[in-house]
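# Structure at a glance
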Amino acid sequence: RKSLLQAAAVLGKVFWAGALAVMGERDPSEVEQALHELARKELVRSSRSSSMEGEAEYGFWHALVRDVCYGQIPRAGRAERHQQAAAWIEHKAGERAEDLADVLAYHYLTALELGEAAGQAADPQLQAQAIRYLGLAGERALGLDTDRAEQNLTRALDLNAADDPQRAVLLERWAQAARQQNRL
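The present account deals with the structure reproduced in this document. Quick caveat, the model's predicted, so the values are computed rather than measured.

## Description of the overall build of the chain
- A count of helices and strands for the chain gives nine helices and three strands.
- Along the chain, helices and strands appear, N-terminal first, in the series α-β-α-α-β-β-α-α-α-α-α-α.
- Overall, the C-alpha framework of the chain stretches about 55 × 35 × 30 Å when taken along its three principal axes.
- Within the chain, buried positions represent 42% of all 184 residues.
- Restricting the contact set of the chain to residue pairs at least 6 apart, pairs at least 24 apart contribute 58%.

Here you go:
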């Protein structure tokens, strides 16, 4: 149950039974049963409606429970679980993954940073995914929250190699965010 709660804590305030089954390589029916037990103990609660089609959604009763569970995971384990969470969300979203660019950028970037903090070599594929979704999140935020757009794009540029052909696109988007802030 503890590892189930830890995986749920990586997903955040809300989590889905299907994600926990995939992340922990567990049988979905066992995960559902375990979540019902945890709900009876008032550690988690089920949501009436789910934000992910076809998935049972749950949330933590208290943020403190989530924070303690998250804090007990070693950095390398957290990095791996963030990567698994992002991969599950990306797979589940399918063609609409761009709509969840902020969430995916958070998980991929966190996985990358935690991996580096744990002394692991940087994974180029993980870095590419973080750059991709940071760029998308920045682009989507341009008309709504210019500060957030610039932060995402700056972070993507920091991760991007100077000779990467995609860098020009990121620079152009970053320049749009700077122009919207009247910084020429």
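Having seen the model, we can carry on.
## Some points on helix α9 (residues 167–180)
- In this model α9 runs 20 Å from its N-terminal to its C-terminal C-alpha over 14 residues, within 8% of the 20 Å that 1.5 Å per residue would give.
- Every buried residue of α9 is accounted for by Leu170, Arg173, Ala177 and Ala178. The buried side chains of α9 occupy one side of the element, clustering within an arc of 145° when seen end-on. The exposed set on the far side of α9, more than 90 degrees from its buried face, consists of Ala168 and Arg179.
- In this structure, the buried residues of α9 make contact with α7 (124–141) and α8 (146–159).
- Backbone geometry just downstream of α9 places Asn182 in the positive-phi region, at approximately 60°.

## Observations concerning the pattern of salt bridges
- All told, the structure shown has nine salt bridges when counted by the stated rule.
- Linking Arg132 and Glu90 is a salt bridge whose minimum nitrogen-to-oxygen distance equals 3.4 Å. Residue Arg132 is located in helix α7, and its partner Glu90 is located in helix α5 (residues 75–93); the two are separated by 42 residues in the primary sequence.
- Here Arg132 falls in the partly exposed class, since its relative accessible area comes to 40%.
- Several salt bridges share partner residues, and in doing so they unite Arg96, Asp99 and Arg140 into one network.

## Describing the sheet that holds strand β3 (residues 57–60)
- The three strands lie next to each other as β1-β3-β2, forming an open sheet whose pairing is antiparallel. Two strands bound the open sheet, and with one partner strand each, they are β1 (14–16) and β2 (44–46). Between one strand axis and the next, the sheet turns by 35° as a mean value, whatever way the strands run.
- Pairing geometry for β2 and β3, over three bridges, is antiparallel. Residue pairing across strands places Ser46 opposite Tyr58, the latter belonging to β3.

## Some points on the nonpolar core
- Core analysis: the biggest nonpolar cluster contains 49 residues, and Leu11, Phe15, Leu20, Leu35, Val44 and Tyr133 have the highest contact counts within it.
- Beyond its immediate sequence surroundings of up to four residues, Leu20 is in contact with Leu4, Ala7, Ala8, Leu11, Phe15, Arg26, Val31 and Leu35.

What counts as what
- Residues numbered from 1 in each chain as written.
- Predicted model: local features only at pLDDT ≥ 70, side-chain atom pairs only at ≥ 80, totals over all residues.
- Heavy atoms only, no water.
- Helix = DSSP H or I, 4+ residues; strand = E, 2+ residues; numbered from the N terminus.
- Buried < 20%, exposed > 50% of the residue type's maximum accessible area, 1.4 Å probe, protein only.
- Contact = heavy atoms within 4.5 Å.
- Expected span 1.5 Å × (residues − 1).
- Arc of directions from axis to C-beta.
- Salt bridge = Lys/Arg side-chain N within 4 Å of Asp/Glu carboxyl O.
- Pairing = 2+ DSSP bridges.
- Axes fitted to C-alpha atoms, helices over the stretch in contact; angles between N-to-C directions.
- Core = buried A, V, L, I, M, F, W, Y, C linked by side-chain atoms within 4.5 Å.

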